[in-house]
Amino acid sequence: MIHRVSIENTAESFACAEDVHVLAAMEQARCHGIPVGCRNGGCGACKVRVAAGNFHTKKMNRAVISAAEEADGCVLACKLYPQGDITVKALGRVWGPGTVRKSASFSLDFTRPALSSQPDKET
Amino acid sequence: MAITGVLRPGHVVIRVLEMAPALKHYIDVLGLTEVARDKKGRVFLKAWDEHDHHSVVLREADEAGMDYMGWKVDSPATLKSLAKDIEKSKLCSDLEWIPAGEHPETGERFRFTIPTGHVMELYADKKYVGNGCGTDGTNVNPDPWPDGQHGIAPSRFDHCLLYGDDLDGTVKLFCEVLGFSLTEQIVTKADPTFKIGAFLTCSNKAHDVAFIRQPVKGKFHHASFELGSWEKVLRAGDILSRNKTSIDIGPTRHGITRGETIYFFDPSGNRNEVFAGGYIHYPDRPAITWYDESLGPAIFYHDRKLNEAFLSVFT
């Protein structure tokens, strides 16, 4: 079965087979609404919230998707398999050019979404 | 100057989300060899040219990343003496002796958490199992390489790059307590005493471990494995693509260390590297400095800019 995946943030949509993860289908379709990292459920770059639709997931790194987040519909697009048309919202990260700042809490363009176990991104 | 004290990175323990695909990756694609499993389900692997029992340990867990990295030292006496020095330095926390045998065929290990939050170990003994090249017994009349290689087949586990916050504390520990040298550093041009990155060696290599300052504790950027030539790095790219492995970047060249490289991800999102080249470090070799404005070519010399994943994708 082929389903339609829509990304709220960018109004992109693309086709995705049930046995292909959403991030792979997005890259195949040359869409860009979800950041691409490891593609293997580890880094958290492609975190999305599923706004509508049925899906199943495979095991994700608990350090980047907490149980509470998962219960709330947050998943990694690289472990997300649609079982019908779905709509997702990419969560947060904006890729930017490398910038280097020095301050009390120095950060090298630290654009990974904040996690409960990690300090918040410097603003 | 002879290499004494801390000799080399001896093992890295990597957490994987599922063991079966991890083994397919680390054995069939990367080309390590399984040497043992234990009751906890950990799988112990080695690269072909390593003589010690194991260098990579996989542990199934809910979180990806690195449990710890182990360093082989030259003798039990050095192990005791460095353990005391680490304690005296007050730079580390959670100091602990791990009994012999907790890793198979391995002596006691001294474990400690460094200022960037990474768990490190020192040990002096691990069983020699040999590299399989001897034709008339171990290390007798050897062939240059063994039969039966599979996958990319790097010669050894070489180094890790790690992300953490207290870079200054970790550099102080490695240089002043553990006897490492700084081979290269990235600093801010505005304040050249402020380090963003530090590349450290305990040997003749351009780095045995590297750290980049990021506002996190104990994070893992990659574990790297050595190949003999640029052509083998290109061949690694072929093998990775054939196996549909998620490639991060490369083959390309690093400015820092001059290594030829390809970055890719294991099935749990832990980054691996295979690389070739670099230079020989001697203790009198001046440290190389890179300014922050040249971070792009320092990391990826051809693209001259960081890719999106370099700073923000880690486990």
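Residues numbered from 1 in each chain as written. Chains lettered and ligands numbered in written order. Predicted model: local features only at pLDDT ≥ 70, side-chain atom pairs only at ≥ 80, totals over all residues. Heavy atoms only, no water.

1. Looking at the overall build of chain A
Condition: Numbering of helices and strands starts at the N terminus; helices are DSSP runs of H or I of at least 4 residues and strands are runs of E of at least 2. Only protein chains enter the accessibility calculation, which uses a 1.4 Å probe; a residue whose area is less than 20% of its type maximum is buried, one above 50% is exposed, and one in between is partly exposed. Surface exposure here means Shrake-Rupley accessible area, sampled with a 1.4 Å probe, where a residue is shielded only by the protein chains that are shown.
When you go through chain A residue by residue, the secondary structure sums to 2 helices and 7 strands. Walking chain A from its N terminus toward its C terminus, one meets helices and strands in the order β-β-α-β-β-α-β-β-β. Scored against the burial criterion, the 123 residues of chain A give a buried share of 49%. As displayed, chain A offers around 5,800 Å² of accessible surface, 49% of which is attributable to carbon and sulfur atoms.

2. Some points on the pattern of salt bridges
Keep this limit in mind: Only one rule defines a salt bridge in this text: a Lys or Arg side-chain nitrogen within 4 Å of an Asp or Glu carboxyl oxygen.
Scanning all chains against the criterion turns up 27 salt bridges over all chains. A salt bridge links A:Glu70 to A:Arg62; the shortest N-O distance between them is 2.9 Å. Take A:Arg62: its relative accessible area is 32%, and that puts it in the partly exposed class. B:Asp158 is paired through a salt bridge with B:Arg156; the nearest N and O atoms lie 2.8 Å apart. According to the relative accessible area criterion, B:Arg156 is partly exposed, its value standing at 30%.

3. Things to note about the packing of aromatic side chains
All names here are of chain B. So the rule is basically this: Two rings from Phe, Tyr or Trp (for Trp, the six-membered ring) form a pair when their centres sit within 6.5 Å of each other. Planes less than 30 degrees apart are called stacked, planes more than 60 degrees apart edge-to-face, and all others tilted.
The final tally for this structure, using the stated rule, is 11 aromatic pairs over all chains. Centroid distance Trp71 to Phe174: 6.1 Å. Interplanar angle 65°. Geometry classified as edge-to-face. You can see Trp71 sitting in strand β5 (residues 65–73) and its partner Phe174 sitting in helix α3 (residues 167–177), a full 103 residues away along the chain. Among the residues examined, Trp71 registers a relative accessible area of 2% and is labelled buried. Phe174 sits in the buried class, given a relative accessible area of 1%. An angle of 55° between the planes, with centres 5.9 Å apart, marks the rings of Phe157 and Phe225 as tilted. Of this pair, Phe157 sits in strand β9 (residues 156–164) while Phe225 sits in strand β13 (residues 219–226), and the two are 68 residues apart along the sequence. Phe225 shares its class with Phe157; the two are buried. Each residue in the set Trp71, Phe174, Phe180 and Phe211 is aromatic and connected to the rest through ring pairs, giving one cluster.

4. Some words on helix α1 (residues 19–29) of chain B
Restricting attention to buried positions, one finds in α1(B) the residues B:Met19, B:Ala22, B:Leu23, B:His25, B:Tyr26, B:Ile27 and B:Val29. Two residues or fewer past α1(B), B:Gly31 is found with a positive phi of approximately 100°.

5. Thoughts on the sheet that holds strand β17 (residues 288–291) of chain B
All names here are of chain B. Heads up, the condition is: Two strands are said to pair when DSSP picks up at least two bridges between them. In this description, a line fitted to the C-alpha atoms serves as the axis of each element, helices being fitted only across the stretch in contact, and the angle between N-to-C directions of two axes falls anywhere from 0 to 180 degrees. Here a residue-residue contact requires only that any non-hydrogen atoms of the pair lie within 4.5 Å.
If you trace the 9 strands from one edge of the open sheet to the other, you get β14-β15-β16-β13-β9-β12-β11-β10-β17, paired in mixed fashion. Since the sheet does not close on itself, it has two edges, and those belong to β14 (247–253) and β17, each with one partner. Going across the sheet, the axis of each strand differs from the next one's by a mean of 15°, ignoring polarity. Pairing geometry for strand β15 (residues 259–265) and strand β16 (residues 271–277), over 7 bridges, is antiparallel. Residue pairing for β16: Glu260 is matched across the bridge by Ala276. Against the sheet, α3 contacts β10 (181–187), β11 (195–201) and β12 (209–213), and its axis sits at roughly 20° relative to β11.

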